[in-house]
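# Commentary on secondary and tertiary structure
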Amino acid sequence: MIQSSAAAIILPRFPTQSPFHFPSKSARGGHVPPLFISNPSGALHVRCRSTSSVQARLPEEASSVRKHNQGIEPNFPPFRSSNSSSTERGDDDADSFVDVDNLLYLLRFSTKYSDVELVRAVHASILKIEEDTHLGNVLIGAYLKLGLVLDAYQVFKNLSEPNVVSYSSLISGFAKSNREFEAAELFFRMRSSGVEPNEYSFVAILTACVRASRFELGCQVHALGIKMGFTDYVFVANALMALYGKSGGCLDSAIQLFEEMPERDITSWNTVISSLVDGSLYEKALKFGRDLVKINEFRVDELTLLTLLTACTGCHAVKQGKEIHGHATRLGLAASLSLCNAMIGFYSKCGTIENALTVFDTMQIRDVITWTQLISAYMEFGLVDSAVKTFEKMPERNAISYNAILSGFSHNSQGLNALNFFTMMVRNGVELSDFSLTSVITACGLLADLETSRQIHGFVTKFGYGSNAHIEASLLDMYTRCGRMRDAEILYSTQNNPIVLTSMMSGYARNGQPDEAISHFHRSLSEGKLAMDEAALTTALGVCGALGFRELGKQIHSFVVKAGFEADVGVGNSLVSMYSKCGEMDEAIKSFDAMSARDVVSWNSLIAGHVLHREGDKALALWSSMEKAGVRPDSITFVLLISAYKQTSSDLVDHCRTMFLSMKPTYGIEPASEHYASFVGVLGSWGFVEEAEEMILELPFEPDVSIWRALLDSCRLHVNTTVGRRVAKRILAMEPRDPSTFVLISNLYSASGRWHCAEATRQEMREKGMMRKQPCRSWIIHENEIHSFHARDVSHPQSMDIYRGLEVLILECMRAGYEPDTSFVLQEVEEHQKKEFLFYHSAKLAATYGLLMTSPGEVIRVVKNVVVCGDCHSFLKHVSAVAGREISLRDGSGFHFFSDGQCSCRDYW
């Protein structure tokens, strides 16, 4: 058995304003005179002199029970006099006797049917007889079962000699009614009064420790239990396991307790399994579940299956979840309402909508939770219309049902529908919660509409929700999504909670300021304002990935391991993504393999990493493993997989087409614009430009600009100006002021040698005032500092050395065959000026700084916020050969690894 390090019990300090005061025996004056005893209302009653009045009252109270319980007639035993229960009252009331057995029977009856009035009537009768500690204990228990803690306390307070049962009952009642401090105080009062605790006392005080998160006190109680020999009792050991399981960092102690138990009951198994699930150790929880079934299949109860289902959902164990479903059927629990509701939730995360519907259709009894779970399942699968129809058919609704629809709209990026539905909720007087407001604020962020965001903020402030930390964080997130960074900073300056700090960090990263996000992270951490929880770690790792900040990412990874967050799925996913974006695919794979539980985001993150590194074949191989593992893909999975076919070592267009056409019939996912755009990109990259155009023209809906832009980029790759001109006209008709389209068209003409057309396109951009694109910049991280460069940037402290080094590099590269391509200069200047503009692009400046500052043999790592231009790409290939250095460049299209004059992209990007 585990030995606690605590040598003695330390009395805790409690608030002096406790509503309960436990007077000592001397303060109570010893034995309470039997003539005057407080009744439940606090008044003093004199003993009744007539037996008939007592006997007449009890049947009246019992008759009220009969009325409340639909004709159920209690069978009262007859009242009888007994010398053993009689009390001397004088000559006038010598016959005033009440049988204790009758009172005990009535107390049991009243708690069974929750009849408060009957309990109070029995209490009144008890006050008229001599004190009986056993009867007082039963009365305390009756009041506690009815939730009347104050009444139970009054009975306890008036017991002249409360015993261990009295104390244990009230300690347990306090613990279960959110009065944990009073429970602890009473436990120590019991010990100081000379009453020794029993096994039930230990269970009661441990329950209080768990509910109040007083784990230090719980360890001291454990030490006392070992000393007094109570830890071998099954229910005491179960309570200790619950204590260590809830403490977060003591799961090993809980497991050790379980393994050392001389005997176990089903509660023991349920406790250890639920502790593992709470600690996100889902696979280990499932192992314990399998062990339980092997020992005795029929010992499993409904709670066991519910907990194991939660574990299956957490680690996406589809096969095991279906086995649990079958096991429930064999045990005759398949009709359980709670279990069926949980099964719908499981299938919505790890199965298909058909699985969830099968469970729903077979349920004979459904409640509002059942219907809400089905709505959530439809929303999870993107079947918004079906979710709305289900909502309309619900026999009854509550606020949670409305919130399921509202959050579902936001989850499926239907911000406008979410706002309209929220307006309807307000008009119908639906109770709004924090969840309702965070959902509608998220929807407003999706729309990125400034005026709507102001109205939502005003509504939240008007109704007094502005001081809620989660809502404040959502508001700040909404501001950053709407581009209102100044407003976000003002809101942030007035707050000081970790959630808002994390949202601000995400906002900087989202608005193209990842270096500011890192500065904010360091500043908040050094000032002690940032709580390093799962949300903060996930955000920080995301920013490290966006910047390519490997060193900081590794430091955060070390903290994750030391702090015990490696079991968190979200943190694990962020580690995979961070390493892949930093060019460390081996580390990304290690992080993925080390995850104890994985969800679809985990697989998507690693597939995205392979796509980012242009490793299409590895991405498709991972997809095969994902299918074998039974993980259900989502919409993002297919965007990534289709994109992977552009980067395979051989032409697999037919395989891609088969996958694309199977999305709806096989996986229940309706192809969206991004899927069509990806498929068009695959067709175009392998030279099927005309087929791609024909497919777009035959679409059953109006294709959006992203699909046409994918085709235009394919035309650039294959120098197909015929199709390119037609596509360009369509794009310009849809978005006449989008500068990126003009740049694509100009590059297309330049690649085909039609310089006059390229110049005409650039002139049109100048006339329309569209020469201002997204500011292009490149950066390199050296000695844990971000060194950022713009085109022709001279703000860097070492700019003079950088420019001199770059001039030397240009000369050496030109001797090796590099020829500047001035078609990538969009400014209207002389030819020699175009070369000057071209030579000092941000990628060239960053790469030169890397060459100057890094050691020979070290990989130069550059990150660019947009796609690299063709001239910089050609220049870096020559630099890798001339300088004999490897260069890694991550741009908007993925990674380019330059070595010995070659690039991993094979000049297709």
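Conventions and cut-offs
Residues numbered from 1 in each chain as written. Predicted model: local features only at pLDDT ≥ 70, side-chain atom pairs only at ≥ 80, totals over all residues. Heavy atoms only, no water. Helix = DSSP H or I, 4+ residues; strand = E, 2+ residues; numbered from the N terminus. Buried < 20%, exposed > 50% of the residue type's maximum accessible area, 1.4 Å probe, protein only. Contact = heavy atoms within 4.5 Å. Areas by Shrake-Rupley, 256 points an atom, 1.4 Å probe, with all protein chains shown as cover. Pairing = 2+ DSSP bridges. Core = buried A, V, L, I, M, F, W, Y, C linked by side-chain atoms within 4.5 Å. UniProt positions renumbered as here; feature names shortened; annotations may be inferred. Patch = residues over 30% accessible without salt bridge, like charges linked within 9 Å, V, L, I, M, F, W, Y side chains within 5 Å. Salt bridge = Lys/Arg side-chain N within 4 Å of Asp/Glu carboxyl O. Axes fitted to C-alpha atoms, helices over the stretch in contact; angles between N-to-C directions. Parallel < 35°, antiparallel > 145°, perpendicular 65-115°, else oblique. Left-handed = near helix turned anticlockwise from the far one by under 90°. Nonpolar A, V, L, I, M, F, W, Y, C, P; charged D, E, K, R; others polar. Right-handed = clockwise from strand over helix to strand, strands pointing away. pLDDT = per-residue confidence, 0-100. Phe/Tyr/Trp six-rings, centres within 6.5 Å; stacked < 30°, edge-to-face > 60°.

Turning next to the overall build of the protein. Helices and strands together make up the secondary structure of the protein, namely 45 helices and 8 strands. Looking at the 909 residues of the protein, the share that counts as buried comes to 50%. Within the protein, contacts between residues separated by at least 24 positions form 65% of all contacts whose residues are at least 6 apart in sequence. Of the roughly 42,100 Å² of accessible surface on the protein, 51% is carried by carbon and sulfur atoms.

This part covers the sheet that holds strand 3 (residues 777–782). In spatial order, the strands read 4-3-5-6-7-8; together these 6 strands make up an open sheet with mixed pairing. The open sheet has two edge strands, strand 4 (785–790) and strand 8 (902–903), and neither has a second partner. Examined bridge by bridge, strand 7 (residues 894–899) and strand 8 share 2 bridges and lie antiparallel to one another. Pairing of F898 across the sheet is with C903, part of strand 8.

For the rest of this paragraph, the subject is the nonpolar core. By size, the foremost hydrophobic cluster in this structure holds 220 residues, and its most contacted members are I556 and L711. No other element matches the 8 residues that helix 10 (residues 234–246) contributes to this core. Apart from residues lying up to four places away in sequence, I556 is in contact with F521, L537, A540, L541 and C544. Membership of the second largest hydrophobic core comes to 31 residues, among which are Y803, L851, C872 and I887.

Further remarks concern the UniProt feature "repeat: PPR" (unreviewed entry) in the protein. UniProt marks residues 163–197, 233–268, 367–401, 497–531 and 599–633 with the feature "repeat: PPR" (unreviewed entry), using the numbering shown here. Its end C-alpha atoms 11 Å apart, residues 367–401 is made of 74% helix and 0% strand. Taken end to end, residues 497–531 has its terminal C-alpha atoms 9 Å apart, with 74% of it in helix and 0% in strand.

Another point: a nonpolar patch on the surface. A cluster of nonpolar residues, Y200, Y233 and F235, forms a patch on the protein surface that exposes about 300 Å² of accessible area. Mapping Y233 onto the fold places it in the loop between helix 9 (215–228) and helix 10.

Turning to the packing of helix 12 (residues 266–278) against helix 14 (residues 302–315), a few remarks are in order. Interhelical geometry of helix 12 versus helix 14 gives an angle of 20° and a closest axis separation of 10 Å. The angle between helix 12 and helix 14 falls in the class roughly parallel. Crossing of helix 12 over helix 14 shows left-handed handedness. Contact with helix 12, carried on its side by I266, N270, I273, S274 and V277, involves L303, T304, T307, L308, T310 and A311 of helix 14 and no other residues of that element. Class assignment for the residues of the contact of helix 12 with helix 14 results in 6 nonpolar, 5 polar and no charged.

Here the focus is the packing of helix 36 (residues 673–685) against helix 37 (residues 689–697). Helix-helix packing is characterised by the crossing angle of the two axes and by the distance between the axes. Put simply, helix 36 and helix 37 touch, their axes get as near as 7 Å, and they point 155° apart. The angle between helix 36 and helix 37 falls in the class roughly antiparallel. Here helix 36 and helix 37 pass one another in a crossing that is right-handed. Contacts between helix 36 and helix 37 pair Y676, F679, V680, L683 and G684 from the former with V689, E691, A692, M695 and I696 from the latter.

Now for unusual backbone geometry. Despite not being glycine, N784 shows a phi value in the positive range, around 60°. Tracing the chain through its elements places N784 in the loop between strand 3 and strand 4. Positive phi values are uncommon outside glycine, yet R792 reaches one of about 60°. Counting through the fold element by element, R792 comes out in the loop between strand 4 and helix 42 (799–815). Here R792 falls in the partly exposed class, since its relative accessible area comes to 40%.

For the rest of this paragraph, the subject is the pairing of strand 6 (residues 887–891). Each regular strand displays side chains that alternate between the two surfaces of the sheet. Most of strand 6 is tucked away: 5 of the 5 residues are buried. Bridge count for strand 5 (residues 860–864) against strand 6 is 4 bridges, and the pairing is parallel. Paired with V862 across the strands is L889, a residue of strand 6. A crossover connection joins strand 5 to the parallel strand 6 through helix 45 (residues 870–882); in handedness this β-α-β unit is right-handed. The turn linking strand 6 back onto strand 7 is made up of 2 residues.

This part is about the pairing of strand 4. Pairing geometry for strand 3 and strand 4, over 6 bridges, is antiparallel. Across the sheet, S778 pairs through a bridge with F789, a residue of strand 4. From the end of strand 3 to the start of strand 4, which pair antiparallel, there are 2 residues, and E783 there has a positive phi angle of about 55°.

Another aspect to go through is the confidence of the model for the protein. Within the protein, residue pLDDT values average 82, and 82% of them lie at 70 or more. Considering only residues more than four positions removed or in separate chains, one finds that residues 1–96, a stretch of pLDDT under 50, has 154 contacts.

Counting across every chain of the model gives 29 aromatic pairs. Between F409 and F421 the ring centres are 6.0 Å apart and the planes differ by 65°, which places this aromatic pair in the edge-to-face class. Here F409, found in helix 20 (residues 399–411), pairs with F421, found in helix 21 (residues 415–427); they are 12 residues apart in sequence, far enough to count as distant. On the basis of relative accessibility, which here comes to 6%, the residue F409 falls in the buried class. On the basis of relative accessibility, which here comes to 10%, the residue F421 falls in the buried class. Ring centres of F422 and F459 lie 5.5 Å apart, and the angle between their planes is 85°; on these two criteria the pair is classed as edge-to-face. Of this pair, F422 sits in helix 21 while F459 sits in helix 23 (residues 450–462), and the two are 37 residues apart along the sequence. Ring pairing ties together the aromatic residues F187, F188, Y200, F202, F230, Y233 and F235, which thus form one cluster.

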